[in-house]
Amino acid sequence: MTRTEEIFELILRGKAKDISDKVTEAINAGDDPKELMNAGMIAAMDEIGERFAQGEIFVPEMMVSAKAMQKGLETLKPFLSEDDSVGIGTLVIATVAGDLHDIGKNLVAMMLESAGFEVIDLGCDVPVDSFINAVKENPKVSIVCCSALLTTTMPAMKEVINGLIEAGVREQVKVLIGGAPVSQSFCDEIGADGYGEDAAAAIKLAKAIVAAA
């Protein structure tokens, strides 16, 4: 088994304590950092996403693998050139105003970062103005992700879209929504660009948007 394959397996198994040493070992042995990232780390998280979508693993397994990926990436980043940068796109993510739930949002943020996105996480109970300011202050942002767990806070997603329109920045971003009470029909109703029923679906959707840009 190659060191890249070992890194792949460590992330699949969520071995955050072991991943940094293995990445350092691979770098010291002269392995290509970009190969370690793409074939070892990102490929492992793609596999995790597929397993989750197939019902073979569940949220706890996804979270431990995402944490292992983040730990490995922290070790690897200093050895990546600008051309090899992990970022495939930049996005903003937050739980909307009035909603303090962040477990699902945090998982999606971790998975998106593991998939290669630069993630600007605004946290939870985030007002419309904060979404708008984040887009204006970060011109590279192409996706805005809104999460809600309460039916009472779902209308805030529409307020975010309206706010982006009024601020004149709606054209430059795609708005993705998700959360337990959210549905595709609600997505269509408020004029969002996409709905992810779970973390794996959200990552696929974000990747498709970047690929189509």
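The notes below deal with the structure included here. (Residues numbered from 1 in each chain as written. Predicted model: local features only at pLDDT ≥ 70, side-chain atom pairs only at ≥ 80, totals over all residues. Heavy atoms only, no water.)

Turning our eyes to something else, we now look at the overall build of the protein chain. In terms of helices and strands, the protein chain carries nine helices and five strands. Seen in sequence order, the protein chain has helices and strands lined up from the N terminus as α-α-α-α-β-α-β-α-β-α-β-α-β-α. Against the globule reference of 17 Å for 213 residues, the protein chain gives a C-alpha radius of gyration of 18 Å, in line with a compact fold. For the protein chain, the spread of C-alpha atoms along the three principal axes comes to 55 × 35 × 30 Å. Split into buried and exposed, the 213 residues of the protein chain put 46% on the buried side. Of the contacts made within the protein chain by residues no fewer than 6 positions apart, 71% connect residues no fewer than 24 positions apart. Put simply, the protein chain shows about 10300 Å² of open surface, and 50% of that area lies on carbon and sulfur atoms. In the protein chain, which carries 18 positive and 34 negative side-chain charges, the distance between the mean positions of the two groups comes to 3 Å. (Helix = DSSP H or I, 4+ residues; strand = E, 2+ residues; numbered from the N terminus. Rg over C-alpha atoms; globule rule 2.2 N^0.38 Å. Buried < 20%, exposed > 50% of the residue type's maximum accessible area, 1.4 Å probe, protein only. Contact = heavy atoms within 4.5 Å. Areas by Shrake-Rupley, 256 points an atom, 1.4 Å probe, with all protein chains shown as cover. Lys, Arg positive; Asp, Glu negative; His and termini not counted. Charge placed at Lys NZ, Arg CZ, Asp CG, Glu CD.)

The next subject is the sheet that holds strand 1 (residues 89-96). Strand order in the open sheet made by the five strands is 2-1-3-4-5, with parallel pairing throughout. Looking at the sheet topology across the chains shown, the edges are occupied by strand 2 (117-126) and strand 5 (194-195). In this sheet, strand 3 (residues 141-147) lies alongside strand 1 in parallel orientation, the contact comprising six bridges. What sits directly across from leucine 91, in strand 3, is isoleucine 143. (Pairing = 2+ DSSP bridges.)

To continue, consider the nonpolar core. Core analysis: the largest hydrophobic core is formed by 42 residues, its most contacted members being Met111 and Leu112. Sorting the residues of this core by element identifies helix 1 (3-12), helix 2 (16-28), helix 3 (33-53), helix 4 (59-76), strand 1, helix 5 (103-114), strand 3 and helix 9 (199-212) as the ones contributing at least two each. Considering each element in turn, this core owes the most residues, eight residues, to helix 3. Setting aside chain neighbours within four positions, we find methionine 111 in contact with Met45, Ile48, Met62, Ala66, Ala199 and Ile203. (Core = buried A, V, L, I, M, F, W, Y, C linked by side-chain atoms within 4.5 Å.)

The subject of this paragraph is the environment of leucine 80. Among the secondary structure elements, leucine 80 is positioned in the loop between helix 4 and strand 1. Taking the C-alpha atoms as reference points, leucine 80 and methionine 37, separated by 43 residues in sequence, lie 9.1 Å from one another. In this structure leucine 80 touches Pro33, Lys34 and Met37, once residues within four positions along its chain are discounted.

Under the 1.5 Å per step criterion, the end-to-end length of helix 2 is 19 Å for 13 residues, consistent within 8% with the ideal 18 Å. Looking at helix 2, one finds that the buried residues are Ile19, Ser20, Lys22, Val23, Ala26 and Ile27. Residues of helix 2 that are buried sit in contact with helix 1, helix 3 and helix 4. Immediately downstream of helix 2, the backbone of glycine 30 shows phi near 90°, a positive value. (Expected span 1.5 Å × (residues − 1).)

In contact at an axis separation of 9 Å, helix 6 (residues 128-137) and helix 7 (residues 155-166) are set at 45° when each is read in the N-to-C sense. Our classification of the angle between helix 6 and helix 7 gives oblique. Handedness of the crossing formed by helix 6 with helix 7: right-handed. On the side of helix 6, the interface is formed by Val128, Phe131, Ile132 and Val135, while helix 7 contributes Glu159, Val160, Gly163 and Leu164. Of the residues in the contact of helix 6 with helix 7, the class split is six nonpolar, one polar and one charged. (Axes fitted to C-alpha atoms, helices over the stretch in contact; angles between N-to-C directions. Parallel < 35°, antiparallel > 145°, perpendicular 65-115°, else oblique. Left-handed = near helix turned anticlockwise from the far one by under 90°. Nonpolar A, V, L, I, M, F, W, Y, C, P; charged D, E, K, R; others polar.)

So, about unusual backbone geometry. In this model, aspartate 125 sits at a positive phi of 55°, which is unusual for a non-glycine residue. Here aspartate 125 is to be found in strand 2. The exposure class assigned to aspartate 125 is partly exposed, which follows from its relative accessible area of 37%.

The next point concerns the environment of glycine 191. Within the secondary structure layout, glycine 191 lies in the loop between helix 8 (184-190) and strand 5. For the pair glycine 191 and valine 175, spaced 16 residues apart in sequence, the C-alpha separation works out to 8.6 Å. Dropping the residues within four chain positions of it, glycine 191 is found in contact with Ile161 and Arg170.

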